[in-house]
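Reading the structure
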Amino acid sequence: MLKPPPPYTLREMRPSDINAVMAIEHVVFPTPWRASAYEYEITRNRLADYQVLLVGLGDRPRQLIGYAGTWLLADELHVSTIAVSRDWQGKGLGELLLLNMLTLAYDMPVTVATLEVRRGNLVAQALYSKYGFQVVGERRRYYEGKEDALIMTTAPLDAAYRVFLRERRGILFQRLQVELS
Ligand SMILES: CC(C)(COP(=O)(O)OP(=O)(O)OC[C@H]1O[C@@H](n2cnc3c(N)ncnc32)[C@H](O)[C@@H]1OP(=O)(O)O)[C@@H](O)C(=O)NCCC(=O)NCCS
C-alpha cells in the first residue's frame, strides 16, 4: 500500500465507508453500482480488493474523496472501479489510486492488469494510457446495451514496469505536495 504525502491517506474500504462511497458514485458514474454491490465486494468477494482515499484538512474529520477496486481473475488484476469526488478531480488523485492498485498487484500472482472503459470516457482513457494500458479489444454495446467498452491491458507487470511505477510515484508525490502547499 502506498503512503502518499499528508494530508492524504489510503486504506482498505470498510462497510462504514459505503455511504460516502455512494455519495461519490451517484455523482460521477452514469450507471452507479448499488451499495449492496460494494458491501458484497468488501465483505464476501475474496478476489476483490477495495481501497479508499481520505483527506484530512485542519481540524475537520478525514473525508473520503476517492476509491478504487480490483479483482484477481486468474493471473490478471482487473480494475473494477476507480473514482474521485468531483471537487477533487484533476489533482493527481485518480492517478494515485491507480498507482496504488498497480503497486499492490506486485503482492499478488498476477502478470498483467486489465480493465474496461467506456469508449467515450476520454479522461479515464488518458489516465490509463499514462500507465501503459493499451486497447486490446472491445465489447460492443456493453454499457446499458448502448455504449461500447474498450478493453485495456498493461504490458507485463515485470521488473521494468515496477521501475516505471516507482518513477511515476516520485513525480506524483512531488505534485501532490506542491499542489497543496
Ligand atoms: C477518471 C478519474 C478517476 C481520474 O481522476 P482525476 O483525479 O480526475 O485524474 P488525475 O488528476 O489523477 O489525472 C491523471 C491523468 O488523467 C488524465 N486526465 C485527468 N483529467 C483530465 C482531463 N480533464 N482531460 C484529459 N485527461 C485528463 C491525464 O492523463 C492525467 O495526467 P496528467 O495530470 O499528467 O495530465 C476521475 O476523473 C473520475 O472519477 N471520473 C469519473 C469516474 C470514472 O469515469 N472512472 C473511470 C471508470 S473506467
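Attention in this report is confined to the structure presented alongside it. (Residues numbered from 1 in each chain as written. Predicted model: local features only at pLDDT ≥ 70, side-chain atom pairs only at ≥ 80, totals over all residues. Heavy atoms only, no water.)

Section: the packing of helix α1 (residues 18-28) against helix α2 (residues 35-43)
Axis separation between α1 and α2 bottoms out at 10 Å; the angle between their running directions is 130°. Considering the angle they form, α1 stands oblique to α2. Once α1 is placed against α2, the crossing between them reads as right-handed. Of α2, the residues touching α1 (which contributes Ile-18, Val-21, Met-22 and Glu-25) are Ala-35, Tyr-38, Glu-39 and Ile-42. (Axes fitted to C-alpha atoms, helices over the stretch in contact; angles between N-to-C directions. Helix = DSSP H or I, 4+ residues; strand = E, 2+ residues; numbered from the N terminus. Parallel < 35°, antiparallel > 145°, perpendicular 65-115°, else oblique. Left-handed = near helix turned anticlockwise from the far one by under 90°. Contact = heavy atoms within 4.5 Å.)

As for the environment of Ala-113
Tracing the backbone shows Ala-113 in strand β5 (residues 112-118). Sequence spacing of Ala-113 and Pro-156 is 43 residues, and the spatial spacing of their C-alpha atoms is 8.1 Å. Ignoring any residue separated from it by four or fewer positions in sequence, one finds Ala-113 in contact with Leu-77, Leu-102, Phe-133, Met-152, Thr-153, Thr-154 and Leu-157.

Quick word on the sheet that holds strand β3 (residues 63-73)
What the 7 strands build is an open sheet, ordered β1-β2-β3-β4-β5-β7-β6; its pairing is mixed. Unpaired on one side and paired on the other, β1 (8-12) and β6 (134-143) mark the two borders of the sheet. Sheet twist, expressed as the average angle between the axes of neighbouring strands with direction ignored, equals 25°. Here β6 pairs with strand β7 (residues 147-153) via 6 bridges, running antiparallel. Opposite Glu-138, over in β7, you have Leu-150 as the bridge partner. With respect to the sheet, α1 is in contact with β3 and β4 (76-84), its orientation differing from that of β3 by roughly 85°. (Pairing = 2+ DSSP bridges.)

Observations regarding the site of the ligand
Near the ligand lie 22 residues; those nearest to it are Val-84, Gly-92, Gly-94, Asn-121 and Lys-130. Taking Leu-93, its main chain carries an N or O atom lying 3.3 Å from an oxygen atom of the ligand. Within the contact set of the ligand, an oxygen atom lies 2.9 Å away from a backbone nitrogen or oxygen of Glu-95. Taking 930 Å² as the accessible area of the ligand by itself, protein coverage stands at 72%. Here the shell around the ligand takes 6 residues from helix α4 (residues 122-130), the largest share from any one element. Per-class residue counts for the shell around the ligand are 12 nonpolar, 5 polar and 5 charged. (Near = heavy atom within 4 Å. Polar contact = N/O pair within 3.5 Å; in protein donor to acceptor, adjacent residues only side chain to side chain. Areas by Shrake-Rupley, 256 points an atom, 1.4 Å probe, with all protein chains shown as cover. Nonpolar A, V, L, I, M, F, W, Y, C, P; charged D, E, K, R; others polar.)

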